[in-house]
Amino acid sequence: MYLEIRNLKKYYGEGESRTEVLKGISCSIGKGQICVLLGPSGSGKSTLLNMIGGIEKIDEGEIIVDGKPLANLEKRELSRYRRNELGFVFQFYNLVPNLTVKENIEVCEYLSKSPLPIDELIKTLGLWEHKDKFPNQLSGGQQQRCAIGRALVKNPGILLCDEPTGALDYKTSKEILELIETVNKKFNTTIIIVTHNDAIKNMAHKVMKLHDGMIKKEYINESLVSAG
Ligand code: ADP
Ligand code: ADP
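Everything in this summary refers to the structure shown in the same document. (Residues numbered from 1 in each chain as written. Chains lettered and ligands numbered in written order. Predicted model: local features only at pLDDT ≥ 70, side-chain atom pairs only at ≥ 80, totals over all residues. Heavy atoms only, no water.)

## A closer look at helix α5 (residues 140-152)
At step 1: Given a rise of 1.5 Å per residue, 13 residues ought to cover 18 Å, and the 18 Å separating the end C-alpha atoms of α5 matches this to within 8%.
At step 2: The element α5 is largely enclosed, with a buried count of 11 among its 13 residues.
At step 3: Gly141, Gln143, Gln144, Arg145, Cys146, Ala147, Ile148, Gly149, Arg150, Ala151 and Leu152 are the residues of α5 that are buried. (Helix = DSSP H or I, 4+ residues; strand = E, 2+ residues; numbered from the N terminus. Expected span 1.5 Å × (residues − 1). Buried < 20%, exposed > 50% of the residue type's maximum accessible area, 1.4 Å probe, protein only.)

Following this line, the structure appears as structure tokens:
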């Protein structure tokens with residue numbers, strides 16, 4: 001899926017305490033691109049991600065997904081968008097503790113449009129020998145692999161990742177980033193990643209640095225974009 005964001009604004013609070021936390025964000029993210037959102041804490045990264053995710057209401061401006069403004073979707077269409085088209089990956093994995101790796105992934109297969117048979121997906125994730133373990137028997141990196149599998153099994157058009165390596169050490173972070181890159185290449189998934197991890201820049205087609213609710217810097221990695 002591709003995204004266009006036009007003059008997007010978001011306010012929190014009422015009256016005197018009303019503050020503008022997104023101050024007119026405009027950008028586009030092409031299908032199959034990886035876009036990284038950097039910026040200090042409080043700059044609006046999560047708010048932007050949540051708005052793309054249909055969780056936060058749009059106050060002003062537009063988010064257009066595959067040519068359709070999100071604000072025009074009826075409630076049912078919006079929940080279908082969220083359920084069928086979006087995959088979410090969080091900092092703290094959010095796996096179901098009493099389900100195994102395989103079960104955690106299968107639970108989200110209800111749409112039966114997995115891009116790969118489950119067993120192959122588990123192998124791609126590097127979790128084959130761990131597939132019958134429970135989350136508390138796994139390392140952080142393995143749990144994140146499982147969470148990525150759970151997000152992917154419904155073959156989302158957009159994968160939204162909020163600090164996916166925030167709880168992981170350097171080496172494991174690198175492995176998770178490589179997995180995300182593999183996913184992007186293999187399934188042509190559009191991926192948006194909020195992170196503090198600068199190492200991620202190299203694999204991104206586009207890097208946007210937010211500051212105080214605005215895009216302060218935007219960098220397009222021409223070599224990746226032209227390579228398709
Ligand atoms: P991070 O820096 O990891 O994004 P935050 O503390 O900024 O974490 O925010 C996490 C979530 O908590 C946000 O997405 C938002 O929904 C909520 N949140 C953040 N700040 C406030 C606030 N001042 N009042 C209410 N909810 C907030
Ligand atoms: P980041 O993800 O870059 O840390 P956020 O998007 O979480 O930033 O937050 C941007 C600003 O909006 C912060 O000042 C935060 O306190 C505020 N904020 C976020 N969510 C809420 C909320 N639900 N209610 C009020 N203020 C919020």
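## Things to note about the site of ligand 2
At step 1: Contacts to ligand 2 come from Tyr12, Val21, Pro40, Ser41, Gly42, Ser43, Gly44, Lys45, Ser46 and Thr47.
At step 2: Between ligand 2 and tyrosine 12 there is a distance of 3.5 Å, counted from a nitrogen atom to a side-chain nitrogen or oxygen.
At step 3: Serine 43 has a polar backbone atom sitting 3.1 Å from an oxygen atom of ligand 2.
At step 4: About the coverage of ligand 2: the protein hides 56% of its 560 Å² of free accessible area.
At step 5: Looking at the shell around ligand 2, the element that brings in the most residues is helix α1 (residues 45-52), giving three residues.
At step 6: Per-class residue counts for the shell around ligand 2 are three nonpolar, six polar and one charged. (Near = heavy atom within 4 Å. Polar contact = N/O pair within 3.5 Å; in protein donor to acceptor, adjacent residues only side chain to side chain. Areas by Shrake-Rupley, 256 points an atom, 1.4 Å probe, with all protein chains shown as cover. Nonpolar A, V, L, I, M, F, W, Y, C, P; charged D, E, K, R; others polar.)

## Re the pairing of strand β8 (residues 190-194)
At step 1: Counted residue by residue, β8 has five buried out of five residues, so it is predominantly covered.
At step 2: In β8, alternate side chains face the same way, and those of Thr190, Ile192 and Val194 on one face and Ile191 and Ile193 on the other are all buried.
At step 3: In this sheet, β8 lies alongside strand β3 (residues 34-38) in parallel orientation, the contact comprising four bridges. Bridged to isoleucine 34 within β8 is isoleucine 191.
At step 4: With five bridges joining them, strand β7 (residues 158-162) and β8 adopt parallel strand pairing. When the sheet's bridge partners are listed, aspartate 162 is paired in β8 with valine 194.
At step 5: Each parallel crossover has a hand, and the one from β7 via helix α6 (residues 170-187) to β8 is right-handed. (Pairing = 2+ DSSP bridges. Right-handed = clockwise from strand over helix to strand, strands pointing away.)

## Digging into the packing of aromatic side chains
At step 1: Per the stated rule, a full pass over the model turns up one aromatic pair.
At step 2: When the centroid spacing of 6.0 Å and the interplanar angle of 5° are considered together, the rings of phenylalanine 88 and phenylalanine 90 count as stacked.
At step 3: Seen from the ring of tyrosine 11, arginine 18 lies directly overhead, with NZ or CZ sitting 3.9 Å from the centre.
At step 4: Directly above the aromatic system of tryptophan 128 lies the positively charged group of lysine 131, at a separation of 4.5 Å from the ring centroid. (Phe/Tyr/Trp six-rings, centres within 6.5 Å; stacked < 30°, edge-to-face > 60°. Lys NZ or Arg CZ within 6 Å of the ring centre and 35° of its normal.)

## Remarks on the site of ligand 1
At step 1: Taken together, Ser41, Ser46 and Asn50 make up the full set of residues adjacent to ligand 1.
At step 2: Between ligand 1 and the protein, one listed contact pairs an oxygen atom with a side-chain N or O atom of serine 46 at 2.6 Å.
At step 3: For ligand 1, whose free accessible area comes to 550 Å², the fraction covered by protein is 27%.

## Brief notes about the nonpolar core
At step 1: Counting 37 residues, the largest nonpolar core has Val36, Ile105, Ile148, Ile180, Ile191 and Ile193 as its most contacted members.
At step 2: Listed by contribution, the elements that provide at least two residues to this core are β3, α3 (101-106), α4 (118-124), α5, β7, α6 and β8.
At step 3: At six residues, the largest contribution of residues to this core is made by α6.
At step 4: Residues within four places of isoleucine 180 in sequence aside, it is in contact with Ile148, Cys161, Pro164, Ile191, Ile193 and Met203.
At step 5: Counting 27 residues, the second-largest nonpolar core is a separate cluster that includes Ile25, Leu37, Leu48 and Tyr81. (Core = buried A, V, L, I, M, F, W, Y, C linked by side-chain atoms within 4.5 Å. Contact = heavy atoms within 4.5 Å.)

## Comments concerning the packing of α5 against α6
At step 1: Axis separation between α5 and α6 bottoms out at 10 Å; the angle between their running directions is 20°. On the basis of their axis angle, the class for α5 and α6 is roughly parallel. Considering the relative orientation of α5 and α6, their crossing is right-handed. Where α5 approaches α6, its residues Gly141, Gln144, Arg145, Ile148 and Leu152 are matched on the opposing element by Thr172, Glu175, Ile176, Leu179, Ile180, Val183 and Phe187.
At step 2: Residues belonging to the contact of α5 with α6 are distributed by class as follows: seven nonpolar, three polar and two charged. (Axes fitted to C-alpha atoms, helices over the stretch in contact; angles between N-to-C directions. Parallel < 35°, antiparallel > 145°, perpendicular 65-115°, else oblique. Left-handed = near helix turned anticlockwise from the far one by under 90°.)

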